[in-house]
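The primary structure of each chain is shown beneath.
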Amino acid sequence: MSRGMLQTRIAAARTEGRAALIAYLPVGYPDVDASIEAMTAAVDGGADIVEVGVPYSDPGMDGPTIQEAVDVAVRAGVGMRDVLRAVEAVAAAGAVPVVMSYWNPVERYGVDRFADDLAAAGGAGAITPDLIPDEAGPWLAATDRTGLDRVFLVAPSSTDARLASTTAACRGFVYAASAMGVTGTRAAVGDAAGRLVARTRTVTDLPVCVGLGVSDGDQAAEVAGFADGVIVGSAYVRALLDGGGAAAVRALSADLAAGVRRRVGKPA
Amino acid sequence: MTALHPPAPDVRDLPARPAWPDATGHFGPYGGRFVPEALIAALDELTEAYEAMRVDPGFLEEFARLQRDYTGRPSPLTDVPRFAEHCGGARVLLKREDLNHTGSHKINNVLGQALLTQRIGKTRVIAETGAGQHGVATATAAALMGLSCTVYMGEEDTRRQALNVARMRLLGAEVVPVTTGSRTLKDAINEAFRDWVTNVETTNYVFGTVAGPHPFPAMVRDFQRVIGDEAREQVLERTGRLPDAVLACVGGGSNAIGIFTAFVPDDGVRLVGLEAGGDGVATGRHAASITGGDPGVLHGARSYLLQDANGQTIESHSISAGLDYPGVGPEHSYLHDLGRAEYRPVTDSEAMEAFALLCRTEGIIPAIESAHALAGAVQVGRELAGRVGEGPAVLLVNLSGRGDKDVETASAWFGLGDREQVDPGPGMDTDQQPTEGAVSNDDATAGQDSGDLA
């Protein structure tokens, strides 16, 4: 299969000698329009890829920052139609949109219907934090049929065998959840991320992007030293929760985009 | 083996397990593992350790010893003829899990999982709790085995079940009130999973019901099936036959699976799960996941759940904190689809009526959770009353817990001990005879006034 939008964009960043910047923002906080405005601001500031977050009532992998924002969207009844509108807006802004969703909202919408509508909206695919390939039969079939990318997660606790089987099921990139824990900004990135990326590279040629814990340009530069993409979520959401609006999101993107261009410690 | 040491239980004596789940934890289309990858290694470790332990004679002996000498098993089977007068002439037998140490069936599972925690070399346990019974049981087992213990409990539930919060703290556990989402059991489970994914190196998650990712539904069932294994023998011995129906309340569903499992192969025995109907399923304010929900994914498994059109979990409602959960264990979903078990809702009012009835006819104060099963017995007994050519129906009801923790809730419901509120709540004095020889409400001195007369 030819390379999808995600891999192409990450490869383009690599030819510039840098890592890709991947921004997560949930649809519907503070409301749908303002969240879309924040996503396009993230793109203006330098994000290559936007994770378009589907609000969910029980976000078991997310820390308090993301849950606080997502709770607002859930209570407002934000649904997949709003998500698809955000996907279109991100694509129009010039970045690659990839949906980030816990599994039940996708299953409720209908796996095939979701795949068709996401492809039609210009989405690259989806990241599914609580869906492992072992349970993903209908999603593997739907993404094969539509050519969408599917991104599964690997973790420091993953065995070598699971790293191999999970990355084999991935398309687009591999999401390395660098720390054992939930989303949220951390003071230090930690050695676990680098070790996980190195282990992952032994079993796949796909780009490996790192999430969980990056909050500023310096940390982004550190992660860019060993990863193909730097995923930032809670820091963006924090900017919105603090009332900074689209301007704060754009400024954060600019800081992070500068960070991924001064990657630390690794030859290009 | 000398006479001083009873022979170790033999693996060959283990009762037959149902054909489900499969090796990856699926009950037909239900169950499985819908969790972050970070937890898979821990779940695999738990599965492997459990599969080795459950056929290890050393473990079986230790588990049997704890159940006998610590929990007080076997729990008795009690005939309740005065209660049964309200059940259409059926004979009603209660399986007395309320008499277990810590006051409910929850201890059965917790002792097994605590032994497993020791076996895999972890030193800390975490648990979620709704009514507090599983939290108390986990805190108890942790104290017994020298494990540190943190219990997550919805802030709303810490208020409803303040007595159990105090019990857990007395036992040395840390109780963390959860303030996210609906602040009830569902959110306590989310927080416990977050703790686990962060601290999985040192910590085992002692899950309280037959829900969650594989291996919890199968493992908790195996630890709880002692209820039905005992009860089946006891009913046969007492009545010379199998019961017509086995009834149990269903929140997550561990006490129901516990008493159902031994009877699943007995085709003539109806298995009836009573879900929390809250204000009535039609009102939308209930916790009846099978009766009023659809299949989906929540808390690591596919099963029936209460969800809206966007796939968001809907907040459940029940007077019973232990049943106030918008999901249900995957094996129940499977038994429902197979038609092997039937599930029906019992409203708060019906449950409280049955609660009061058991108190006054038998001198047993049940947990409000278990009162849902008692209400089911009243209904099913009356439905079976008309059948021709057979003797009285035999109903086996799992009295899964005792009502000490619910006295405050019941007092508020029935308007007891409140100077301003004198109307009794539904159930207390409407559909039943006054207790023979009792002082009527009009003649009685209110408790709060009695000191003045002394």
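Model, not experiment: these values are computed from the prediction. (Residues numbered from 1 in each chain as written. Chains lettered and ligands numbered in written order. Predicted model: local features only at pLDDT ≥ 70, side-chain atom pairs only at ≥ 80, totals over all residues. Heavy atoms only, no water.)

A. Representation of the overall build of chain B. When its secondary structure is counted, chain B shows 17 helices and 15 strands. Going through the 454 residues of chain B one by one, you find that 60% of them count as buried. When contacts within chain B are restricted to residue pairs at least 6 apart in sequence, those whose partners lie at least 24 apart make up 75%. Accessible surface, chain B as shown: approximately 17000 Å² in total, 52% of it carbon and sulfur. (Helix = DSSP H or I, 4+ residues; strand = E, 2+ residues; numbered from the N terminus. Buried < 20%, exposed > 50% of the residue type's maximum accessible area, 1.4 Å probe, protein only. Contact = heavy atoms within 4.5 Å. Areas by Shrake-Rupley, 256 points an atom, 1.4 Å probe, with all protein chains shown as cover.)

B. Representation of the interface of chain A and chain B within the structure. Taken together, the contact pairs 35 residues of chain A with 33 residues of chain B. Seen at the junction of chain A and chain B, the total is four salt bridges. Between Arg162(A) and Glu37(B) there is a salt bridge whose closest N-O contact spans 3.0 Å. At the junction of chain A and chain B, the tally comes to 23 residue pairs in polar contact (both at pLDDT 80 or more). At five residues, the largest contribution of residues to the side of chain A that touches chain B is made by helix H5 (residues 103-109) of chain A. When the residues that make up the side of chain A that touches chain B are grouped by side-chain class, the tally is 17 nonpolar, 10 polar and eight charged. (Salt bridge = Lys/Arg side-chain N within 4 Å of Asp/Glu carboxyl O. Polar contact = N/O pair within 3.5 Å; in protein donor to acceptor, adjacent residues only side chain to side chain. Nonpolar A, V, L, I, M, F, W, Y, C, P; charged D, E, K, R; others polar.)

C. Up close: the pattern of salt bridges. The full count for this structure, using the stated rule, is 49 salt bridges over all chains. Arg238(A) is paired through a salt bridge with Asp242(A); the nearest N and O atoms lie 3.0 Å apart. Overall, Asp242(A) belongs to the exposed group, its relative accessible area being 55%. Linking Lys122(B) and Glu45(B) is a salt bridge whose minimum nitrogen-to-oxygen distance equals 3.3 Å. On the criterion of sequence distance, the pair formed by Lys122(B) in the loop between helix H4 (106-119) and strand E5 (124-129) and Glu45(B) in helix H1 (residues 40-53) is long-range, its members being 77 residues apart.

D. Just the sheet that holds strand E8 (residues 203-205) of chain B, in detail. Residues and elements named next belong to chain B. The strand order across the open sheet formed by four strands is E7-E6-E5-E8, and the pairing between neighbours is parallel. Looking at strand neighbours, the two that pair on one side only are strand E7 (174-178) and E8, the edges of this open sheet. On average, adjacent strands in this sheet sit at an angle of 25° to one another, irrespective of strand direction. Bridging between strand E6 (residues 148-154) and E7 involves five bridges; their strand directions are parallel. By the bridge assignment for E7, Tyr152 is matched with Val176. (Pairing = 2+ DSSP bridges. Axes fitted to C-alpha atoms, helices over the stretch in contact; angles between N-to-C directions.)

E. Representation of the pairing of strand E8 (residues 208-211) of chain A in the model. All names here are of chain A. The side-chain alternation of E8 yields two buried faces, one formed by Val208 and Val210 and the other by Cys209 and Gly211. One ladder, built from four bridges, connects strand E7 (residues 174-177) with E8; its direction is parallel. Among the inter-strand pairings, Ala176 is bridged to a residue of E8, identified as Val210. One ladder, built from two bridges, connects E8 with strand E9 (residues 229-232); its direction is parallel. Bridge pairing in E9 links Cys209 to Gly229. After leaving E8, the chain enters helix H10 (residues 217-224) and then returns to the sheet as E9, a path that is right-handed. (Right-handed = clockwise from strand over helix to strand, strands pointing away.)

F. A look at the side chain of Ser75(B). Structurally, the position occupied by Ser75(B) is in the loop between helix H2 (57-71) and strand E3 (77-79). In contact with Ser75(B), other than residues within four places in its own chain, are Lys95(B), Arg96(B), Glu97(B), Asn100(B), Glu230(B) and Gln234(B).

G. Looking closely at the sheet that holds strand E6 (residues 153-154) of chain A. Residues and elements named next belong to chain A. Read across the sheet, nine strands follow the order E5-E4-E3-E2-E1-E9-E8-E7-E6 without closing on themselves; strand pairing throughout is parallel. Strand pairing shows two members of the sheet lacking a second neighbour, strand E5 (149-151) and E6, which therefore form its edges. Pairing geometry for strand E1 (residues 20-26) and E9, over four bridges, is parallel. What sits directly across from Ala23, in E9, is Val232. Running over the sheet, helix H1 (residues 5-15) touches E1, strand E2 (49-53), strand E3 (96-100), E5 and E8 and is turned about 125° from E3.

H. How the structure looks around helix H16 (residues 407-414) of chain B. All names here are of chain B. Within H16, burial applies to Thr409, Ala410 and Phe414. The arc that holds every buried residue of H16, seen down its axis, measures 120°, which confines them to one face. Every exposed residue of H16 that faces more than 90 degrees away from the buried side is listed here: Glu408 and Ala412. Residues of H16 that are buried sit in contact with helix H6 (155-160), helix H14 (348-362) and helix H15 (368-384). (Arc of directions from axis to C-beta.)

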